Structure formats: C-alpha cells, structure tokens
Amino acid sequence: MRFDTKIGIVVRDDLAAWQRLNVTAFLASAVAGGVPGVVGDPYEDASGNAYLAMFRQPVLVYEAGAGAIKAAHARALARGMDVAVYIEDMFKTGHDEANRATVRAVTAEDMPLVGFAVHGPKNGVDKALKGLRLHP
C-alpha cells in the first residue's frame, strides 16, 4: 500500500541504546497525539481482547550525527511540517512540564537536539531527511 504522507523519526547516533529507544517512543507519541487521522482503529483478537490503535502507516527511524540532525530539523521547519523535538536537557527532567520548559528556553537554532520526528507529505519528509541513513 502506498501512502501520501510519511512519518520519520531521527535519533542521534551517539546515544545509548536505552536513550535511542526512549527518544523514539516519546517522538512517536507526539506524532500519534498531534496529527489527526494518523492513528487507525483499535484491534481485537479472536478471543475478544481489545488492543490499542496504532499508526496507519509505517514509521521509518533514522540515525544521524548532531550536525546532520540540526540541518534536517531546519529543513523540516522551513517546509512547515509537523515536527516534534527531544533535546538533551529532557533526559534530566522528571516530568512533562519541565520538558516543555527546557524546550521553551532555547531557540530552534540552539537546540541541543538528540532527536526529532516529522510528519508530512512523503516528498517533503524525504527532502527534509535527505542524506540520513536508516537506523540499523
């Protein structure tokens, strides 16, 4: 099945494995919660157990160095795409309000990004993430 839109998540390549997974999970939740219609219907198995709904389309996870992430983030913002960010200082906070405060304290150009997610038209996401490699 072909999709007109794309979800891309980029994580910094020097993070510990637990940090990469944590950042990916938080960024995916941002897309799920912030982009209407991107999540499908709930699931149910043959035994009648209900399961949560998931994204309607694949999520591609990329990795990159700090400079490449910064450049891709700037391209995504310039294209007006839906973007979520995760910055270094968020590893030190203990709750959601503090996370928002850390982001609010820095400009987009000065963000110490460890990852970001982008959702938008497929060709736009491809252009924003051009040159990044898929996470192994």
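Heads up: the structure comes first, above all this text.
It should be emphasised that the depicted structure is a prediction, and the values quoted were computed from it without experimental measurement.

Caption draft 1: Focus on the overall build of the protein chain. Regarding its fold elements, the protein chain presents four helices and seven strands. Helices and strands appear in the protein chain in the N-to-C order β-α-β-β-β-α-β-α-β-α-β. Scaling as 2.2 N^0.38, a compact globule of 136 residues should have a C-alpha radius of gyration of about 14 Å, and the protein chain matches this with 15 Å. Here the protein chain holds 136 residues, and the buried ones make up 36% of them. Relative to all contacts within the protein chain whose residues are 6 or more apart in sequence, the contacts with residues 24 or more apart total 73%.

Caption draft 2: Region of interest: a nonpolar patch on the surface. A cluster of nonpolar residues, Tyr 43, Tyr 51 and Met 54, forms a patch on the protein surface that exposes about 330 Å² of accessible area. For Met 54, the position within the fold is in the loop between strand S3 (50-51) and strand S4 (59-64).

Cut-offs applied
- Residues numbered from 1 in each chain as written.
- Predicted model: local features only at pLDDT ≥ 70, side-chain atom pairs only at ≥ 80, totals over all residues.
- Heavy atoms only, no water.
- Helix = DSSP H or I, 4+ residues; strand = E, 2+ residues; numbered from the N terminus.
- Rg over C-alpha atoms; globule rule 2.2 N^0.38 Å.
- Buried < 20%, exposed > 50% of the residue type's maximum accessible area, 1.4 Å probe, protein only.
- Contact = heavy atoms within 4.5 Å.
- Patch = residues over 30% accessible without salt bridge, like charges linked within 9 Å, V, L, I, M, F, W, Y side chains within 5 Å.
- Areas by Shrake-Rupley, 256 points an atom, 1.4 Å probe, with all protein chains shown as cover.
- Salt bridge = Lys/Arg side-chain N within 4 Å of Asp/Glu carboxyl O.

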